[in-house]
Amino acid sequence: MSLKLTSSSSPARRDSGKLQRRTPPERKPSAGSLGQLAASDVRQSTVQVAVRCRPLTEEEEQDGERAVDCDGCIVRVAADGPAELDGTAAGQLHEFSFDHVFGPEADQLSVFSACGAPLVAQLFDGFNGSIFAYGQTGSGKTHTIGGSAADPGLLYRSVSTVFDLLAGGSASMQPQVFIPMFPAVGEPIRDLQPPPEQATPADLRIVSDATYGTTVEGLTSTTAHTASHVRSLIAQASATRAADESLPGRRGTHFFALVTVRSASTETGESAVGRLTLADLASPDDDALPAADADDEPHVPLASLHDCMSTLAKSGGKDGADFEQSKLTQLLSDPLNGNCKTMMIVTVSPTQAAVATSAAALAFGKKAATVALGPASKIKESMQTAMTKVNTTMSA
């Protein structure tokens, strides 16, 4: 069974079967809207889940049909074949509902406004946030998180909004913005902003900090001064990632970027620290989830993530999940079970050929939406602690 849907208008143009996205006119938020954004309340009781479905390519569009339909906050998948999914017989529509659903016509700004902006605004109050994208290869994860210079994604838009908020902030605050970026392939973690004297990439260690939660020890954090500076940092990290021969291409690579905002008050001597974690997770390109002891190493961390998510869903978000199974689950322990406000973005392909992986990704998103999170609390530190952190683990 296939959804017989006419193609809707989309902000994309197509050339030789490859999707090319038209750059939308950039709409800078006004000072008033930024003030409302900073004061917005994004307290949540569960992991928030959004779905984004990419447009069809010209080649795919020639088939005349697509298998995924987005309607409000509902996603419908039409699947042919013998397999059953979540008790729905083959040949029937699989229907899923989520907090946000973005169809093929949605642009980068729309995704950021709903999924990123509320979390960014809360960084100045000392709240942690997390956004991670999950989906098969070619479904739009990397475009959603990173985007391009012409059509930036969540990472650049998040930092750009940070500087917009800084421009309208209180004169008594002295904010600092730090941007570390790193990939995790299987188990090793690499620094994408290594110091010049470091000849070979070092494997970094994950540690737990009583104040800041899960961190990567020895990770270089560069102080960002402007949005354009951040754009150059992202380009540098991308070049380092591409040049690192220890990384086996993009397959199996989980990419993380941390946006840390420290707002120190000259009046009280205290500072609030908020951290936004953005992650582009590796693709689960099998129809079925691999076992945790599978030989294909890149999939092992994803299997451990599914295991932790299943445990948390069954327990209502209480303790019980083994986040020590892999470095990926260690890195996501705060977003899933710590002091953090979390948004998961499931990206799907609209094609019939990808319907099995799309449906499985959507089912995983529904499971994540049942994971309960405790109330987030502000992270505060004394000025002495703040300066110690700046001079050690967060040196520019």
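Presented here is a report on the structure given in the accompanying data block. (Residues numbered from 1 in each chain as written. Predicted model: local features only at pLDDT ≥ 70, side-chain atom pairs only at ≥ 80, totals over all residues. Heavy atoms only, no water.)

## Details of the overall build of the chain
Using the following cut-off: Per the convention used, a helix needs a DSSP run of H or I reaching at least four residues, while a strand needs a run of E reaching at least two, with both numbered from the N terminus. For the exposure calls, accessible area comes from a 1.4 Å probe over protein chains only, and a residue counts as buried if that area is under 20% of its type's maximum, exposed if over 50%, partly exposed in between. Only heavy atoms enter the contact rule, under which two residues are in contact if any of them lie within 4.5 Å. Note on areas: Shrake-Rupley with a 1.4 Å probe; residue coverage comes only from the protein chains shown.
Within the chain one finds 12 helices and 17 strands. In the chain, which comprises 396 residues, the proportion classed as buried is 52%. For the chain, long-range pairs separated by at least 24 residues make up 73% of all intrachain contacts whose partners lie at least 6 apart in sequence. As displayed, the chain offers around 17,300 Å² of accessible surface, 51% of which is attributable to carbon and sulfur atoms.

## Some thoughts on the sheet that holds strand β4 (residues 68–71)
What counts here: Should DSSP find at least two bridges between two strands, the strands are taken to pair. As a rule, the C-alpha atoms of each element are fitted with a line to give its axis, helices using only the stretch in contact, and angles between N-to-C directions run from 0 to 180 degrees.
Within the open sheet, the 3 strands sit side by side as β4-β5-β6. Their pairing is antiparallel. Bordering the open sheet on either side are β4 and β6 (93–97), each of which pairs with just one other strand. Pairwise comparison of adjacent strand axes, ignoring direction, gives a mean angle of 20 degrees for this sheet. In terms of strand pairing, β4 meets strand β5 (residues 74–78) through 4 bridges, oriented antiparallel. When the sheet's bridge partners are listed, C70 is paired in β5 with V75.

## Examining the packing of aromatic side chains
Rules: Here the aromatic set is Phe, Tyr and Trp, taking the six-membered ring for Trp, and pairing holds for ring centres within 6.5 Å; pairs whose planes are under 30 degrees apart are stacked, those over 60 apart are edge-to-face, and all others are tilted. Placement of a charge over a ring requires the Lys NZ or Arg CZ to be within 6 Å of the ring centre, with the centre-to-atom vector within 35 degrees of the ring normal.
Counting across every chain of the model gives 3 aromatic pairs. Ring centres of Y134 and F364 lie 4.7 Å apart, and the angle between their planes is 45 degrees; this geometry places the pair in the tilted category. In this pair, Y134 is assigned in strand β8 (residues 129–135) and F364 in helix α11 (residues 355–368), connecting sequence segments 230 residues apart. Taken individually, Y134 and F364 each receive the classification buried, so the pair is uniform in this respect. Consider the rings of F182 and F256, whose centres lie 5.3 Å apart with planes at 5 degrees: the pair is stacked. Pair noted here: F182 is in strand β10 (residues 181–185) and F256 is in strand β14 (residues 253–265), with a separation of 74 residues, a long-range link. For R231, the ring lying beneath its charged end belongs to Y156, and the centroid distance is 4.1 Å. Directly above the ring of F98 sits K366, whose terminal nitrogen or CZ lies 5.5 Å from the centroid.

## Quick notes on the nonpolar core
Convention followed: Residues grouped as a nonpolar core are buried Ala, Val, Leu, Ile, Met, Phe, Trp, Tyr and Cys residues, joined through side-chain atoms within 4.5 Å.
With 47 residues, the main nonpolar core has L281, L305, L336, M344 and L362 as its most contacted residues. A total of 7 residues in this core trace back to one element, the largest contributor, which is α11. Contact partners of L281, with chain neighbours within four places excluded, come to F132, A133, Y134, K141, T253, H254, F256, L305, L328 and L332. Counting residues in each nonpolar core, the second largest holds 40 residues, with F124, A227, V261 and I345 among its members.

## Quick look at the packing of helix α3 (residues 108–115) against helix α6 (residues 154–167)
For any two helices packed against each other, the geometry comes down to the angle between their axes and how far apart the axes lie. Short version of the rule: Each angle gets one of four labels, with under 35 degrees taken as roughly parallel, over 145 as roughly antiparallel, 65 to 115 as roughly perpendicular, and the rest as oblique. When the near helix sits turned anticlockwise from the far one by under a right angle, the crossing is termed left-handed; a clockwise turn instead gives a right-handed crossing. Only Asp, Glu, Lys and Arg are considered charged in this grouping, and only Ala, Val, Leu, Ile, Met, Phe, Trp, Tyr, Cys and Pro are considered nonpolar; every other residue, Gly among them, is considered polar.
It is at 10 Å that the axes of α3 and α6 come closest, and there the two elements cross at 60 degrees. In terms of their interaxial angle, α3 and α6 are classed as oblique. Between α3 and α6 lies a crossing of right-handed hand. Between α3 and α6, the contacting residues are Q108, L109, V111 and F112 on the first element and L154, R157, S158 and T161 on the second. Its residues assigned to classes, the contact of α3 with α6 comprises 4 nonpolar, 3 polar and 1 charged.

## Let's talk about the environment of T351
Defined as follows: Whenever a nitrogen or oxygen atom comes within 3.5 Å of another N or O atom, the pair is scored as a polar contact, on the condition that within protein one atom can donate a hydrogen and the other can accept it, and that pairs from neighbouring residues in sequence are kept only if both atoms are in side chains.
Here T351 is to be found in the loop between β16 (341–348) and α11. For the pair T351 and T57, spaced 294 residues apart in the sequence, the C-alpha separation amounts to 9.6 Å. Discounting chain neighbours no more than four positions away, the residues touching T351 are R54, L56, E60 and A67. Engagement of the side chain of T351 in a polar contact is seen with the side chain of S349, the distance being 3.2 Å.

## Description of the pattern of salt bridges
Opposite charge on two side chains makes pairing possible when the charged atoms of those side chains draw close. Stated formally: Take a side-chain nitrogen of Lys or Arg and a carboxyl oxygen of Asp or Glu: if they are within 4 Å of each other, that pair is a salt bridge.
Inspection of the entire model under this criterion finds 7 salt bridges. Linking E60 and R54 is a salt bridge whose minimum nitrogen-to-oxygen distance equals 2.8 Å. This pair shows no difference in class: E60 is buried, exactly as R54 is. Note that D69 is salt-bridged to R76, the shortest N-O span being 3.6 Å. Given the relative accessible area of 18%, D69 is considered buried.

## Overview of α6
Every α-helix winds through 3.6 residues per turn, so residues three or four apart in the chain are directed the same way. Threshold: Take the residue count of a helix, subtract one, and multiply by 1.5 Å to get its expected span.
Taking 1.5 Å of rise per residue, the 14 residues of α6 would be expected to cover 20 Å, and the 20 Å separating its terminal C-alpha atoms lies within 8% of that figure. Counting buried positions along α6 gives 11 out of 14 residues, so the element sits mostly inside the fold. Among the residues making up α6, those that are buried are L154, L155, Y156, R157, S158, V159, S160, T161, V162, F163 and L165.

## Examining α11
A rise of 1.5 Å per residue sets the reference length of α11, with its 14 residues, at 20 Å; its end C-alpha atoms lie 20 Å apart and thus fit the reference within 8%. For α11, the buried fraction is high: 10 of the 14 residues fall into the buried class. Those residues of α11 not exposed but buried are V355, T357, S358, A359, A361, L362, A363, F364, G365 and A368.

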